[in-house]
Amino acid sequence: MIGEPTVSDRGPAKHFHGRKAISEDFKKLLDKAHHNKDGTIFLIQGAPGAGKTALLAECAKRAKEKGWKTAHISTRALHDPSALAKDLGVPYETQITKSKSTGFSVVFSIVGGRKARERTQVYSGKDIGDILRAESGERGLLLVLDEAQRLDIVTDNTLRDLTGETLKVIHNGEIGGPVVLLAGGLGTSEMVFEELGISRFGGGCLVRLGRLSAASEQAVIRDWLEKDGGAQGDMTLWIEAIARESYGWPQHIMAFVSPATQWLRENGGELSPAGLAYMTGAGQQRKEAYYAGRVGVLGKRARIALAQLLRQQEGERVLDEWDILAAFEKYRMRTAPEDVLEIMLHKGVLVKTHTGDYRVPIPSMEDWLVAHYGQPDQALPPPQQTLPRSGGRAGDLERARLPRRDDGWER
């Protein structure tokens, strides 16, 4: 029986290897910001399971070693000074003013020097810039924002403007002290920042995260087997088996080292054929569950449309946007083709490349999609009436316009 995972595939990496060039670029950025008393935005984006959160934690660790104050912030902190103060762990005093016209006590919120009308928040006299400037100190302030693509859920126009203004002053180094925003998110994050006014990142400040190198992958696997599983003897067969299944993808590595370390702990570190078989079966099951979780939000017609399109490609499967939309139109889905594409981007099923084309970011997931939904005789559910294009954002689409369930998968 496949047990529950014994190690987590999210959060800081217990055994971190690789990403040296990225780490070096980030450390140089910190040194430059400290020297010039300015800052900018450093964005790490990639598909789910690429190791973004672990890399964010590693970068934050490097900043702390240099004496920088670090804090994880919410999206709200970029437009609400009270939320920012809370995330930074600093006091935020309040005061209530009276309306001259009515004589009644009214609570206002002042953010970035603007009065937010009809909002019952508290005015403290400090705006976001004041707080960031004060907390940057002598060494610097690092703000860490994970799941940066969720900035698109800020739909109120006033709050979006305020968020954009905050991002702009950080990006341009105009706070008045060394402040860096370290953001991590899905492949749509760059587009979300662009919608908020950040159209171009500085050299080395936009990272499109891919697979680990073979050497780093093997080093991570070896550390887990030896240091956490207590493996005894030659680990070559086990390392090669995991590497063959993981494709250098951190999430896949964790899918296999979790049952591997579980087996080794329970069997005195014995690297037996039975243990290898257990680890391989359990890892494959977890890997497929991961794929199902990625595409589970989509209707079966959407999965078939994408898989059939991928099957038709020769060599590297790079997809043109018009071909994708035409395929979605052909398969008569309930959701408009443009909205289906946005959902796929939001869930990390597809990513947009620097050339403007699209691809499945994980090669093994691409193969899985074609194997499960790309067969020529694939049965289709009944056609659905297409909903009109929403014009909304991916987060809204996922909540409000999901295709009807038609295959029994649970989200």
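Look above for the structure.
The structure displayed is predicted, hence computed values, not measured ones. Residue numbers restart at each chain and count upward from 1, following the sequence in its written direction. Predicted model: local features are reported for residues with pLDDT of at least 70 only, side-chain atom pairs are reported and counted for 80 or more only, and whole-chain, interface and lining totals are derived from all residues. Heavy atoms throughout the structure, all of them, feed into the side-chain values; hydrogens and water do not.

With that out of the way, let us pick up the pattern of salt bridges. Throughout this description, the term salt bridge denotes a Lys or Arg side-chain nitrogen within 4 Å of a carboxyl oxygen of Asp or Glu. In the structure shown here, the tally under the stated rule is 15 salt bridges. Across the salt bridge formed by E24 and K27, the nearest N and O atoms sit 3.0 Å from each other. In this pair, E24 and K27 are both assigned in helix α1 (residues 20–36), three residues apart and thus about one turn of the helix distant. Among the ionic pairs, R265 bridges to D228, the shortest N-O distance being 3.9 Å. Here R265 is found in helix α9 (residues 250–266), whereas its partner D228 is found in helix α7 (residues 214–228), with 37 residues between them in sequence. With a relative accessible area of 10%, D228 lands in the buried category. Secondary structure is summarised from DSSP: a helix means a run of H or I of at least four residues, a strand means a run of E of at least two, and numbering begins at the N terminus for each. Relative accessible area decides the class of each residue, using a 1.4 Å probe on protein chains only: under 20% of the type maximum gives buried, over 50% gives exposed, and in between gives partly exposed.

Here we come to a negative patch on the surface. Each patch groups residues whose relative accessible area exceeds 30% and which form no salt bridge, using 9 Å between like charges and 5 Å between nonpolar side chains of Val, Leu, Ile, Met, Phe, Trp and Tyr. The method behind every accessible area is Shrake-Rupley, applied with a 1.4 Å probe, and residues are considered shielded solely by the protein chains displayed. Asp and Glu are treated as the negative residues and Lys and Arg as the positive ones, with His and the ends of the chain left uncounted. Taken as the charge location is NZ of Lys, CZ of Arg, CG of Asp or CD of Glu. A grouping of D320, E321, D323, E329 and E338 is seen on the molecular surface, where their side chains present a negatively charged patch. It is helix α12 (residues 321–330) that contributes the most residues to the negative patch, three residues altogether. Looking at the element boundaries, E338 is found in helix α13 (residues 337–347). What makes E338 partly exposed here is its relative accessible area of 34%.

Turning our eyes to something else, we now look at the layout of surface pockets. Only protein atoms enter the 1 Å grid used here, on which a cavity is any set of points holding a 1.4 Å probe that cannot leave and a pocket is any open set flanked by protein within 12 Å on both sides along at least five of seven lines; residues with an atom within 4 Å of a point are listed as lining. Grid points are joined across faces, edges and corners, and a volume is the space filled by probe spheres set on the points. Estimated volume of the second largest pocket: approximately 400 Å³. Around the second largest pocket, the lining comprises 22 residues; the ones closest to its centre are L209, V351, R359, V360 and P361. Breaking the lining of the second largest pocket down by element, the ones donating at least two residues are β10 (351–352) and α14 (363–373). Charged residues are taken to be Asp, Glu, Lys and Arg, nonpolar residues to be Ala, Val, Leu, Ile, Met, Phe, Trp, Tyr, Cys and Pro, and polar residues to be all remaining types, Gly included. Looking at the lining of the second largest pocket residue by residue, the class counts come to nine nonpolar, six polar and seven charged.

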